[in-house]
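# Structure at a glance
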There are 2 protein chains.
Amino acid sequence: MTLTLYTYDWLPEFPRGFVRDIRVRWILEELGRDYQVKTVPTQPKSDAHRAMQPFAQVPVIQDDGMTLFESGAIMMHLAEGTALLPEARKAEVAQWVFAALNTIEVAGSHWINLVLAERMPEVFGPVPAPAVIAHAREGLATRLAALENVVSKKEWLAGEFSVGDLAMIDVLRVLDAEGMLTECPELGAFVRRGTGRPAFKRAMADHMAHWTAADEARAVASPA
Amino acid sequence: MTLTLYTYDWLPEFPRGFVRDIRVRWILEELGRDYQVKTVPTQPKSDAHRAMQPFAQVPVIQDDGMTLFESGAIMMHLAEGTALLPEARKAEVAQWVFAALNTIEVAGSHWINLVLAERMPEVFGPVPAPAVIAHAREGLATRLAALENVVSKKEWLAGEFSVGDLAMIDVLRVLDAEGMLTECPELGAFVRRGTGRPAFKRAMADHMAHWTAADEARAVASPA
């Protein structure tokens, strides 16, 4: 049965390109696996969505009768038994998936939540003091500098390109877009090695086409 | 060869009981595996520590010639092939490990970083405005309410007690200690089911004994 990937039915411009369904699209393209996309309503969240994903987030997949959420778990599940998670280096590759999601993304989220509140307080809450944002930025910068050092010594994090690189590069992309990699040229190059892959390009094109189609469907539903 | 677990050589009172080596101690106790503890200096970080763990965090383990960091990866590695990660529900259990570390802990860290800054600005940076802290708390509370609903329907997250429960309960413990579970009685009970296990009690006793021994070693090194 074709794998089904769930993402939102529509989103405003600013998160496009960074919604976590891209991680799943990317790994599916790397593996050459077919999939279909279904949607859940962004606002308000639906009971059908919550029944699949208790936190009402995306992505969710349905694969071979199983419903699965959490981008990290989906990536690991799809990578299992493939060259993206080689048996001989399994723990090491998993280490980089967790480093991406629990060391870099944790620090990145803390900072980005504060930055978004500064930029769009009507959506993301009260504007934090500049010193509070700067402190969060400093904590993140320390972790990125450590990762810069790791990446300066190798092309990929654990041997050949793996799900560890895929997860890390997708976490770094938003930090790159927010200017956090200007002092980390090796990390910038690492991100470009990943996003230059044909599978990433196809995934991103499909991801963006999804939102364009969503805009068009809205225009038909509510003509000006 | 005996597994080696690395943690810090000393820490002040406040993080004791919550350092992430406890996750590894707990799973090792659940599995009945022997281990020895070695330490890395808390301050300043050592090059030997950075050579094992580029972010100079703990825990790190050495197992069967392999050095591994990231508590999530260590837990998954140790659980592999055991009843804590049953083959038939592997993806589902991994889903809850990632939900613990990338959905609950991400939101928890954002809030706790702000709370710690308010409480100890000399260590954790400028004091955030109360409204900024309250907003982070609200985001976390929404996720906890969703998890409360999940846990109200079952004893453990995916069948029998698994590494998914272990990870989630350890992430929830600090939120419980900070008063975040008062409106989530089911989550409180879930945490107590976990921390009531003999393996957790042994792990916590050893964890706390480590800091007591560290205090005593310091007292000998610098007599009053």
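The residue numbers shown here count from 1 along each chain, following its written sequence. Each chain gets a letter, beginning with A, and each ligand a number, beginning with 1, in the order they are written. In view of the model being predicted, local features appear only for residues whose pLDDT reaches at least 70, and side-chain atom pairs are presented and counted only at 80 or more, with totals across whole chains, interfaces and linings using the full set of residues. In computing side-chain properties, one takes all heavy atoms of the structure into account and sets aside hydrogens as well as water.

## Structural notes on the sheet that holds strand S1 (residues 3-8) of chain B
All names here are of chain B. Note on pairing: DSSP must find at least two bridges between two strands before they are called paired. Numbering of helices and strands runs from the N terminus; a helix is a DSSP stretch of H or I covering at least four residues, while a strand is a stretch of E covering at least two. Across the sheet, four strands lie side by side as S2-S1-S3-S4; this open sheet has mixed pairing. Both edges of this open sheet fall to strand S2 (35-40) and strand S4 (66-69), since each of them pairs with a single strand only. Within this sheet the neighbouring strands show an average axis-to-axis angle of 25°, counted without direction. Examined bridge by bridge, S1 and strand S3 (residues 60-63) share three bridges and lie antiparallel to one another. Bridging from a neighbouring strand, Thr-4 pairs with Gln-62 of S3. Contacts between residues were defined by any pair of non-hydrogen atoms, one from each residue, lying within 4.5 Å. Angles shown run from 0 to 180 degrees and are taken between the N-to-C directions of axes, each axis being a line fitted to C-alpha atoms and, for helices, limited to the stretch in contact. Its contacts with the sheet place helix H9 (residues 198-221) against S1 and S2, and it is angled at close to 55° to S1.

## Here's the deal with the domain arrangement of chain A
Residues and elements named next belong to chain A. Residue ranges assigned to each domain were obtained from an automatic or database domain assignment. Domain annotation of chain A identifies domain 1 (3-83 + 199-221) and domain 2 (87-197). Taking only C-alpha atoms, the centre of domain 1 and the centre of domain 2 are 21 Å apart. Listed by partner, the interface residues are 20 residues for domain 1 and 21 residues for domain 2. Approximately 1,800 Å² of surface area, both sides summed, lies buried where domain 1 meets domain 2, with 67% of it carried by carbon and sulfur atoms. Accessible area that two parts lose when put together, with a 1.4 Å probe and added across both, is what the buried area reports. Broken down residue by residue, the surface that domain 1 buries against domain 2 is led by Phe-18, Arg-23 and Trp-26, which jointly contribute 32%. Salt bridge, as used here: a side-chain nitrogen of Lys or Arg that lies within 4 Å of a carboxyl oxygen of Asp or Glu. The tally of links between domain 1 and domain 2 comes to five salt bridges. The residue Asp-170 makes a salt bridge to Arg-23 at a minimum N-O spacing of 2.7 Å. In protein, a polar contact requires one atom able to donate a hydrogen and another able to accept it; more generally it is a pair of N or O atoms within 3.5 Å, and residues adjacent in sequence count only if both atoms are side-chain atoms. At the surface where domain 1 touches domain 2, the tally comes to nine residue pairs in polar contact (both at pLDDT 80 or more).

## Notes on the packing of helix H1 (residues 21-30) of chain B against helix H7 (residues 163-177) of chain B
Axes are the key here: two packed helices are described by the angle between their axes and the distance separating the axes. Residues and elements named next belong to chain B. At a closest axis distance of 10 Å, the pairing of H1 and H7 adopts a crossing angle of 145°. Seen from above, H1 lies across H7 with right-handed handedness. Here Ile-22, Arg-23, Trp-26, Ile-27 and Glu-30 of H1 lie close against H7, whose contacting residues are Val-163, Leu-166, Ile-169, Asp-170, Val-171 and Arg-173. Of the residues contributing to the contact of H1 with H7, the split by class is seven nonpolar, no polar and four charged. Crossings are sorted by hand: turned counterclockwise from the far helix by less than a right angle, the near helix makes the crossing left-handed, and turned clockwise it makes it right-handed. In the scheme used here, Gly and all other residues not listed as nonpolar or charged are polar, with Ala, Val, Leu, Ile, Met, Phe, Trp, Tyr, Cys and Pro taken as nonpolar and Asp, Glu, Lys and Arg as charged.

## Some thoughts on the nonpolar core
Counting residues in hydrophobic clusters, the biggest one holds 154 residues, and the most contacted among them are Leu-147 and Leu-172 of chain A together with Leu-172 of chain B. If we skip the residues at most four places from it in the chain, Leu-147 of chain A touches Trp-96, Ile-104, Leu-157, Met-168, Leu-172 and Leu-187 of chain A together with Phe-55 of chain B. Side-chain atoms within 4.5 Å link the members of a nonpolar core, which is a set of buried Ala, Val, Leu, Ile, Met, Phe, Trp, Tyr and Cys residues. Think of it in three bands: residues with accessible area under 20% of the maximum for their type are buried, residues over 50% are exposed, and the middle band is partly exposed, with areas taken using a 1.4 Å probe on protein chains only.

## Observations concerning the pattern of salt bridges
Residue and element names in this part refer to chain A. Evaluation of the coordinates by the stated rule reveals 28 salt bridges over all chains. Across the pair Lys-90 and Glu-80 runs a salt bridge, and its minimum N-O distance is 2.6 Å. With Lys-90 in helix H4 (residues 90-119) and Glu-80 in the loop between helix H3 (71-79) and H4, the pair connects residues that are 10 residues apart, well separated along the chain. Through salt bridges with shared partners, one network takes in Arg-20, Arg-23, Glu-105, Asp-170 and Arg-173.

## What about the interface of chain A and chain B?
Of the residues lining the interface, 45 residues belong to chain A; the matching set on chain B comes to 45 residues. With both chains or domains summed, chain A and chain B bury close to 3,500 Å², and 68% of this area falls on carbon and sulfur atoms. Area buried by chain A at its contact with chain B is led by Phe-55, Phe-98 and Asn-102 of chain A, which between them contribute 20% of it. The interface formed by chain A and chain B includes two salt bridges. Taken together, chain A and chain B are joined by 15 residue pairs in polar contact (both at pLDDT 80 or more). Put simply, the parts of the chain that give the side of chain A that touches chain B at least two residues each are strand S4 (66-69), H3, H4 and helix H6 (130-151) of chain A. Residue contributions to the side of chain A that touches chain B peak at 19 residues, all from H4 of chain A. For the side of chain A that touches chain B, the class distribution of residues is 26 nonpolar, 12 polar and seven charged.

## Examining the packing of aromatic side chains
Between 30 and 60 degrees the pair is tilted, below 30 it is stacked and above 60 it is edge-to-face, where a pair is any two Phe, Tyr or Trp rings, Trp via its six-membered ring, whose centres lie within 6.5 Å. Taken as a whole and assessed by the stated rule, the structure comprises 15 aromatic pairs over all chains. Ring centres 6.0 Å apart and planes at 40° place the aromatic pair Trp-26 of chain B and Phe-161 of chain B in the tilted group. With Trp-26 of chain B in helix H1 and Phe-161 of chain B in the loop between helix H6 (130-151) and H7, this pair connects stretches of sequence that are 135 residues apart. Across this residue pair, the class does not change: Trp-26 of chain B and Phe-161 of chain B are buried. Judged by centre distance (4.9 Å) and plane angle (80°), the ring pair of Trp-156 of chain B and Phe-161 of chain B falls under edge-to-face. Residue Trp-156 of chain B shares its accessibility class with Phe-161 of chain B, and that shared class is buried. A network of ring pairs unites the aromatic residues Trp-26, Trp-156, Phe-161, Phe-190 and Phe-200 of chain A as a single cluster. One Lys or Arg, Arg-197 of chain A, reaches over the ring of Phe-161 of chain A and ends 3.6 Å from the middle of that ring. By the criterion adopted, a ring carries a charge over it if an Arg CZ or a Lys NZ lies within 6 Å of its centre and within 35 degrees of its normal. One residue, Arg-218 of chain A, lies across the ring of Trp-10 of chain A, its end atom 3.6 Å from the ring centre.

## Remarks on the relation of the copies chain A and chain B
Alignment of copies: least-squares fit on C-alpha atoms of residues with pLDDT of at least 70 in both copies. Once chain A has been moved 0.0 Å along the axis and rotated by 180°, it coincides with chain B to within an RMSD of 0.0 Å. Seen this way, the second copy is the image of the first under a two-fold rotation axis. When you check the interface residues of chain A against chain B, 100% turn up at the interface there too, and the contact is symmetric in its surfaces.

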